[in-house]
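# Structure assessment
Listed here are the chains, written in short residue letters.
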Amino acid sequence: MDWQQLAALAIVGIAAFLLIRSQLRPRGHCLTKTGPCGCSTTGPAPKGSITYRARKGERAKVIVKLG
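Overview of the structure. Along each chain, the written sequence defines residue order, and numbers are assigned to residues from 1. In keeping with the model being predicted, local features are shown solely for residues with a pLDDT of at least 70 and side-chain atom pairs are shown and tallied solely at 80 or more, while totals for entire chains, interfaces and linings include all residues. Computation of side-chain values covers all heavy atoms of the structure but excludes hydrogens and water.

## Description of the pairing of strand β2 (residues 61–66)
Stated precisely, the cut-off is as follows: Relative accessibility under 20% of the residue-type maximum defines a buried residue, over 50% an exposed one, and the middle range a partly exposed one, all with a 1.4 Å probe and only protein chains included. Secondary structure elements are defined from DSSP: runs of H or I of at least 4 residues count as helices, runs of E of at least 2 residues count as strands, and each element is numbered from the N terminus. DSSP calls a pair of strands paired once it identifies at least 2 bridges connecting them.
Buried residues are scarce in β2, accounting for zero of its six residues. When strand β1 (residues 48–53) meets β2, the two strands line up antiparallel, connected through six bridges. Bridging from a neighbouring strand, S49 pairs with K65 of β2.

In structure tokens, the structure reads:
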């Protein structure tokens, strides 16, 4: 086994170790108070809509409605 194969195996081994470690690491307990994005999960999410309108030769319109 030459040095290139050894280097390639080392890179693959390190990548596999990092992937497995991130899966096995315990999650923080703060997820009970907040959602995975960090926002509060105490109430329902606000309903809203985003409408995108575009026609050939015209300027695109983005309409955001909250509520």
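## Regarding helix α1 (residues 3–24)
To keep it simple, the criterion reads: Multiplying 1.5 Å by the residue count of a helix minus one yields the expected span of that helix.
The end-to-end C-alpha distance of α1, which contains 22 residues, comes to 31 Å, matching closely the 32 Å that a straight helix rising 1.5 Å per residue would cover. In terms of residue burial, α1 counts as a barely covered element, since only zero of its 22 residues are buried.

## As for a nonpolar patch on the surface
Threshold: Exposure above 30% relative accessible area and no salt bridge define the residues that can form patches, which grow by joining like charges within 9 Å and nonpolar side chains of Val, Leu, Ile, Met, Phe, Trp and Tyr within 5 Å. To be clear on the numbers: accessible area is Shrake-Rupley with a 1.4 Å probe, and residue cover counts the displayed protein chains and nothing else. Here, a salt bridge means any side-chain nitrogen of Lys or Arg that lies within 4 Å of a carboxyl oxygen of Asp or Glu.
Together, I50, Y52, V62, V64 and L66 make up an exposed nonpolar region whose accessible area comes to about 620 Å². Going through the elements one at a time, β1 and β2 are the ones with two or more residues in the nonpolar patch. Broken down by element, the nonpolar patch gets its largest block of residues, three residues, from β2. Within the fold, L66 resides in strand β2.

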